[in-house]
Number of protein chains: 2
Amino acid sequence: MKNSYLPFTFLLIISGLANAQTKPAEKLVPYVKPIIGTQRMGHTYPGATVPFGMVQLSPETDSVGYELNGKYNPKVYEYCAGYQYEDKTITGFSHTHFSGTGHSDLGDFLVMPTVGALRLNPGTADKPGSGYRSRFSHQNEVSQANYYKVKLDDYNIQAEMTTSTRVGFHQYIFPKADDAHIVLDLTAGIYNYPDKNVWTYIRVVNDTLVTGYRQTNGWAKNRVLYFAMRFSKPFISHGFRNESTKEVYRGFWGKFNQNRNFPEISGQRIKAYFDFKTTEGEKVKIKMALSPVSMEGALANMQAEVPGWDFEKVKADGQQQWESELHKIVIQTNNKATKENFYTAMYHTLINPTIYMDADGKYKGLDQNVHQANGFTNYTTFSLWDTYRALHPLFNIIDPARNNDMVKSMLAHFEQSPEHMLPVWSNSGNENWCMSGYHSVSVIADAIIKGNAAGIDANKALDACVTTARQRNYEGIGFYIDMGYIPDERNGTSVSSTLEYAYDDWTIAQLAKKLGRQDIYEEFYKRSQNYKNVYDKASGFMRPRLANGTFRPKFDPLTTIGQGFIEGNAWNYTLFAPQDPKGLIELMGGNKRFVPYLDSLFTMHLPDKFFEETEDITRDGIIGNYVHGNEPSHHLAYLYNWTNQPWKTQERVRMILPKMYKPTPDGLGGNDDTGQMSAWFIFTNLGFYPVAPGSDAYALGSPAIDGATIQLPGGKAFTVTVKNQAEKNVYVQKVLLNGKLLNSLSITHADIMNGGNLTFYMSSKHR
Amino acid sequence: MKNSYLPFTFLLIISGLANAQTKPAEKLVPYVKPIIGTQRMGHTYPGATVPFGMVQLSPETDSVGYELNGKYNPKVYEYCAGYQYEDKTITGFSHTHFSGTGHSDLGDFLVMPTVGALRLNPGTADKPGSGYRSRFSHQNEVSQANYYKVKLDDYNIQAEMTTSTRVGFHQYIFPKADDAHIVLDLTAGIYNYPDKNVWTYIRVVNDTLVTGYRQTNGWAKNRVLYFAMRFSKPFISHGFRNESTKEVYRGFWGKFNQNRNFPEISGQRIKAYFDFKTTEGEKVKIKMALSPVSMEGALANMQAEVPGWDFEKVKADGQQQWESELHKIVIQTNNKATKENFYTAMYHTLINPTIYMDADGKYKGLDQNVHQANGFTNYTTFSLWDTYRALHPLFNIIDPARNNDMVKSMLAHFEQSPEHMLPVWSNSGNENWCMSGYHSVSVIADAIIKGNAAGIDANKALDACVTTARQRNYEGIGFYIDMGYIPDERNGTSVSSTLEYAYDDWTIAQLAKKLGRQDIYEEFYKRSQNYKNVYDKASGFMRPRLANGTFRPKFDPLTTIGQGFIEGNAWNYTLFAPQDPKGLIELMGGNKRFVPYLDSLFTMHLPDKFFEETEDITRDGIIGNYVHGNEPSHHLAYLYNWTNQPWKTQERVRMILPKMYKPTPDGLGGNDDTGQMSAWFIFTNLGFYPVAPGSDAYALGSPAIDGATIQLPGGKAFTVTVKNQAEKNVYVQKVLLNGKLLNSLSITHADIMNGGNLTFYMSSKHR
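Calculation rules
What you see as residue numbers is a count from 1 along each chain, following the sequence as written. Naming scheme: in the order in which they are written, chains are lettered from A and ligands are numbered from 1. Per-residue local features of the predicted model are confined to residues with pLDDT of at least 70, and side-chain atom pairs are confined, for both listing and counting, to 80 or more; whole-chain, interface and lining totals are unaffected and use all residues. Processing note: side-chain calculations cover all non-hydrogen atoms of the structure and skip hydrogens and water entirely. Accessibility here uses a 1.4 Å probe with only protein chains present; expressed as a share of the type maximum, an area under 20% marks a residue as buried, one over 50% as exposed, and anything in between as partly exposed. Numbering of helices and strands runs from the N terminus, with a helix taken as a DSSP run of H or I at least four residues long and a strand as a DSSP run of E at least two residues long. The directions considered for the arc are those from the helix axis to the C-beta atoms. Contact criterion: two residues are considered in contact whenever any of their non-hydrogen atoms come within 4.5 Å of each other. The pairing criterion is simple: DSSP has to find at least two bridges between the two strands. Defined here as a combined quantity, buried area equals the accessible surface (1.4 Å probe) lost by two parts on assembly, summed across both. In what follows, salt bridge is the name for a side-chain nitrogen of Lys or Arg lying within 4 Å of a carboxyl oxygen of Asp or Glu. Under the rule applied, a polar contact is a pair of N or O atoms within 3.5 Å (in protein, one hydrogen donor and one hydrogen acceptor; residues adjacent in sequence only if both atoms are side-chain atoms). Put simply, Ala, Val, Leu, Ile, Met, Phe, Trp, Tyr, Cys and Pro go in the nonpolar bin, Asp, Glu, Lys and Arg in the charged bin, and everything else, Gly too, in the polar bin. Residue ranges for the domains trace back to a domain assignment, done automatically or taken from a database.

### With respect to helix α3 (residues 295-305) of chain A
Residues and elements named next belong to chain A.
Argument step 1. The set of residues buried in α3 consists of Met-295, Gly-297, Ala-298, Asn-301 and Met-302. Angularly, the buried residues of α3 cover 155 degrees about the axis, an arc narrow enough to put them on a single face. In α3, the exposed positions that point more than 90 degrees away from the buried face belong to Gln-303 and Ala-304.
Argument step 2. On its buried face, α3 is in contact with β11 (167-174), β13 (197-206), β14 (209-216), β15 (223-231) and β19 (282-291).

Have a look at this one:
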């Protein structure tokens, strides 16, 4: 063309914009390695799930009983997710798994394809061929977001799985076999010896459709999960085995042969098997839909989500959901390990809590009645002691609508609660009271304060928080209210609970302030200062305090057992007042004591006995006395921001990152705790962290990436730019927010959500 | 007045009519004595219920375990209704009871009021004061239709109960006490040692409202019943006891004291107690609503039926329902015993089957999904082996709309059945396969043939019958279809089942004929002749037949055990072909063999061993070898009508009546069998009996009353008039139907339902 350079510039600009907009976004799913954390401490699972999916279709590598030779079996702790990377066999594939917990449940509806002689017991790992389990090799294993594949060597069967929200989809490629089987073992579970099973039921509706349920008393006290299972080809025959010793009117007068080709079976311990003939390379597919409500509900869920048999499509649909979610934060880095860690961490933050309702919105509530979720999606698996700290705050940035639904789910739980409390640790619509505190108030306050309150009656939410915090009968709250602390004689975790309640109460006060509820504000602000009541000036630690006001005489600040703290010791917990670091520092004697104290946390050498007594901790999981695997530590590295040596925050967090997070199977330094460990990783890489949810502030740290773009609602974005990034450039020289020099060590939620840019200038020397 | 006698006559007529219409109907409830049958064989319960009510609120007089000293405890059989008249203690009042069965279940939600030291075990009858049970005396006991009262002597508490359809209403008059309690024992049941409990739950919603459920595996395989319980005054405190040995994560880390004043408890064996202070004569009332669907459903049922606390009103409302039902047949007699027997029998025919749905129409179906009953009331407790014979035929006369609903309930059961069968013996929405045959086809055919098919797709109903009767895998049906009989080697009750199937098939054929389904008619008419295949000409008995066609060599026609018959012996069962008495008589060698055979049934003397081997039978329950307590006998006395000595029918039935039915606690000669025994009594007193339901004919007998008026739909009435009635006038001289001499020995259903009159002329001499 003979025009001037103006159109050319114009075209350049246009193409530049077009480039930015039409260049296909890099696929992020390839960076997700669900295998990370499946060895040793992480307790993650390698199987398939979609974001927040109800189904987690994943392999079990052993059947672990609570007791071994009459004693507690320590392996029970290791198998919370049903899988340990070092194992050599797979017992089967079940449909529900926790990610990163320290306690067990789920593992529902174990399915195992086999050929050859029918075996209905899993056998043991040390005796190959002794049961239905099969050997496998990691060489023949693929673990992606929403896709898992493995070769079952004992049978030469290739197993693949993928999911939609409520449906697990199996695809098995068989060898030629006259005696192929699918085993469905309802006695299996995580863990299930002794039995968590209360009752189970299987109905063979026809030769391609099976329905049923499993009812358990486990970590969830009253839980029933229903299933509908379709086969892509009819089975030739089927049978059952009932291993219950107790059954009334069993096989009443033998009217039918109830073990072979009979349409239904009920009992406490039942198994079913389905027989096929297969040709070489024949694919047999199975769809297993779940429902918390009914078999009918499960069938409807299957029809709604996966009416057909296109495995690749379901996999692709799920992975497209993953791409969507992962693209909420696009990072720039040349470090492949960082990218794998980052997107695996993103993945791990986006699989809990879990959706807990049918496609039609029905769910079983805490009151064991069926409810209709009106105007929200109902969630469960609230590991709140862990997740209030960074996971829910992360949702407030990248998934506010979902967090809004989670708050609504918690409020529904409160309405249904016989104890009139918000959730403490809830799973499958059950309260299991695990850990301590009443941290849902933090999640609720944080969401509302951060403007994420659409459709929520904020005053009613505040009332629920207040009612919960005034439940005198719950774990020392009565004493806490009357005395300002929980006396040591009355509760085994009196100190940590006092500290946790004080923080929780502070969040209630913040919410009350926002809503103009002055009386509530004053009541709970006062309570939030209670952390000072368990500080022992003489020793300089938080310490168990007796009813008479004195502190417990014999006291060891390093021991985690029996000192009044949950999952931690005084050394760590003394630093737990995230709502008031300034006040804490003052209490402890100012910077001149506080800074060396915090320093020594990271540098001291612990005696061996410390590791012997604590289940969750190994030397690998510790830096000095800093236990990253224990969540009360998660804000600690950021506390330097309130001292005169904030550069130490930057140093510490950059030191913690590579130590505690590696892109390897054993790469997590502690239980992922349903995403909290991963959320810490995300924030810390970005360079800011929500030290006290309920406040709208994020403490600045030291970003470990080259840059990031955070996608916000309404098309906005918040970008992080990092100049002079390098492994040794851990210190921050200066920070610009939207081009202006930032003089504080924090940014606000509004700073992020309005969109804009945060630029860090890094250096190998601190200021 | 100075008018002529014409007006006077007119006035007389008017006043006569007026008299007939406005004279208050005699109250019939006073003649109902639910205590009849509560001693020994009857297995009835004395407590309160409304017609077909879901609740049967009645006292338990012992807690009976299945085993005693490691062996089967024969008392289990005696306590099917939870109560035996000879007992001296009451353990409590529970809300669900069978009437007259031979197997146990139910006994849900045992409530016991006590004063003094709290005891949570029932104790034993031989040690007064050893548990929560109390001594009582029949002098202080009142048992009426929908009302029960007793004084609990150990506590000086007066207990009264009444019900609505879904609510049990207790009224306890306490003495002055500081330590009054209401015990709620969810470990109790009929029977419950070993445990039928799968799981139980109690929630204390507030100090006047408690909800919960009991889940059992018993005679009903998968059963859950929910309750809502309101107290008329708040309890001061409450507590729980959990006797389960196995519970996972029990009282997780002791966060609450879960045994005292805690809002909920779950477990396999739980009990609750509620504490009060009472003044002298203070009434404490409890309403307990049931639901097969949910706790929410139970609460709604209570609100719908008994929103208030007026005990007398609920009692009166229920008794008014009874008056309505009992007035369906108004008899004339001067014999008080006859009247009490008659109205107690009427009562016993009108308490089963039982309504099984919430006030909003929801119920738990056979498929364990929740269903909505659209256009019918859903029933359960179908003891069909017993009730097809006379109970459902009676309903077709006095309660056709209800029987229509029962047929619809059976068809819904079929739709939900995994085995694709109509009910055999169903209870609480579960199939328990008790007894034999597939007699629902008889009930369905009988109803449709008798014109009681409104809202029923008759062809679809026929299809359900046919599908059921073609279930090859069910108890020998496959052999029966292929060979014309069930071979002895294949089934322990091969002969009685062959006979029962033949009868059932005949009813299917009748229905097919009515609907013009010729192919089905021919198939099943042919099958109905199969009864002839198990007749052994050589011995003259129905006899087990081997697959090779020969009859079993060693055979005892008197023994009930192991001879191929269920609940009976060859002597009785040889007469079981109610669909074809003419054919049977011919088969057996004509009247000259048949009549003496039938005679000897009533006159022979059985050896002692016969009674030792049979649980259900005592010498009192037998007339010769005629066992009135076993339903296959029920038509036998009427078979003379097909011989040349029909007068013997009249003689026999008049002889059976006083022997088998007395207005005393032990007045029933056998289990009432959910109303079948009582229905036999009703028909026989009226003078006609449905020998072969599925036919529209009723065989005439010998009425034992002076007269009766049967109320029919649409304001019509069918009256029975008996001339020259007297104890020895058992023979019928002649019968007029609507004034015309009746030459046959039967009337039809239309004869009755069109309204009219049947007049018997009685004599002490037979024709």
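Resuming the write-up.
### Describing the sheet that holds strand β26 (residues 425-427) of chain A
Residues and elements named next belong to chain A.
Argument step 1. With respect to topology, three strands assemble into an open sheet ordered β25-β26-β27, the strand pairing being antiparallel. Looking along the sheet, the strands with just one partner apiece sit at the ends: β25 (382-383) and β27 (430-431).
Argument step 2. Pairing analysis gives two bridges linking β25 to β26, with the strands arranged antiparallel. The partner of Ser-383 across the bridge, within β26, is Trp-425.

### Remarks on the pairing of strand β10 (residues 157-163) of chain A
All names here are of chain A.
Argument step 1. Counting buried residues along β10, six of its seven residues qualify, which places the element largely inside the surrounding structure.
Argument step 2. Where strand β9 (residues 147-152) and β10 come together, five bridges link them in antiparallel fashion. The residue of β10 that forms the bridge with Tyr-148 is Met-161.
Argument step 3. In textbook terms, the turn of a hairpin is the stretch between consecutive antiparallel strands, and for β10 and β11 this stretch comprises three residues.

### Notes on the interface of chain B and chain A
Argument step 1. Each side of the interface is counted separately: chain B has 53 residues, and chain A has 53 residues.
Argument step 2. Both faces considered, chain B and chain A share a buried interface measuring about 4,800 Å² in area, 49% of it formed by carbon and sulfur atoms.
Argument step 3. Between the two partners, chain B and chain A, sit zero salt bridges.
Argument step 4. At the junction of chain B and chain A, the tally comes to nine residue pairs in polar contact (both at pLDDT 80 or more).
Argument step 5. Going through the elements one at a time, β13 (197-206), β14 (209-216), β17 (264-267) and α3 (295-305) of chain B are the ones with two or more residues in the side of chain B that touches chain A.
Argument step 6. Each residue belonging to the side of chain B that touches chain A can be placed in one class, and the counts come to 23 nonpolar, 18 polar and 12 charged.

### Quick look at the side chain of Ser-633 of chain B
Residue and element names in this part refer to chain B.
Argument step 1. Within the element layout of this structure, Ser-633 appears in the loop between β31 (626-627) and α18 (647-660).
Argument step 2. Judged by relative accessible area, Ser-633 falls into the buried class, the value being 1%.
Argument step 3. Engagement of the side chain of Ser-633 in a polar contact is seen with the side chain of Asn-572, the distance being 3.3 Å.
Argument step 4. A polar contact of 3.1 Å, which involves the side chain of Ser-633, links it to the backbone oxygen of Val-627.
Argument step 5. Sequence-distant contacts of Ser-633, defined by excluding residues within four places in its chain, comprise Asn-572, Tyr-626 and Val-627.

### Description of the domain arrangement of chain A
Residues and elements named next belong to chain A.
Argument step 1. For chain A, the domain assignment lists domain 1 (29-323) and domain 2 (329-763).
Argument step 2. Distance between the C-alpha centres of domain 1 and domain 2: 35 Å.
Argument step 3. With 51 residues of domain 1 at the interface, the matching set in domain 2 holds 53 residues.
Argument step 4. Both faces combined, the contact of domain 1 with domain 2 buries some 4,200 Å², and carbon together with sulfur accounts for 59% of it.
Argument step 5. Its largest share of buried area at the contact with domain 2, domain 1 owes to Tyr-31, Ile-36 and Phe-52, together 22% of the area lost on that side.
Argument step 6. Scanning the region where domain 1 abuts domain 2 turns up two salt bridges.
Argument step 7. Lys-33 serves as the salt-bridge partner of Glu-340, at 3.8 Å between the closest nitrogen and oxygen.
Argument step 8. When residues of the side of domain 1 that touches domain 2 are traced back to their parent elements, those giving at least two are β15, β19 and α3.
Argument step 9. Of the residues that constitute the side of domain 1 that touches domain 2, the class distribution is 25 nonpolar, 20 polar and six charged.

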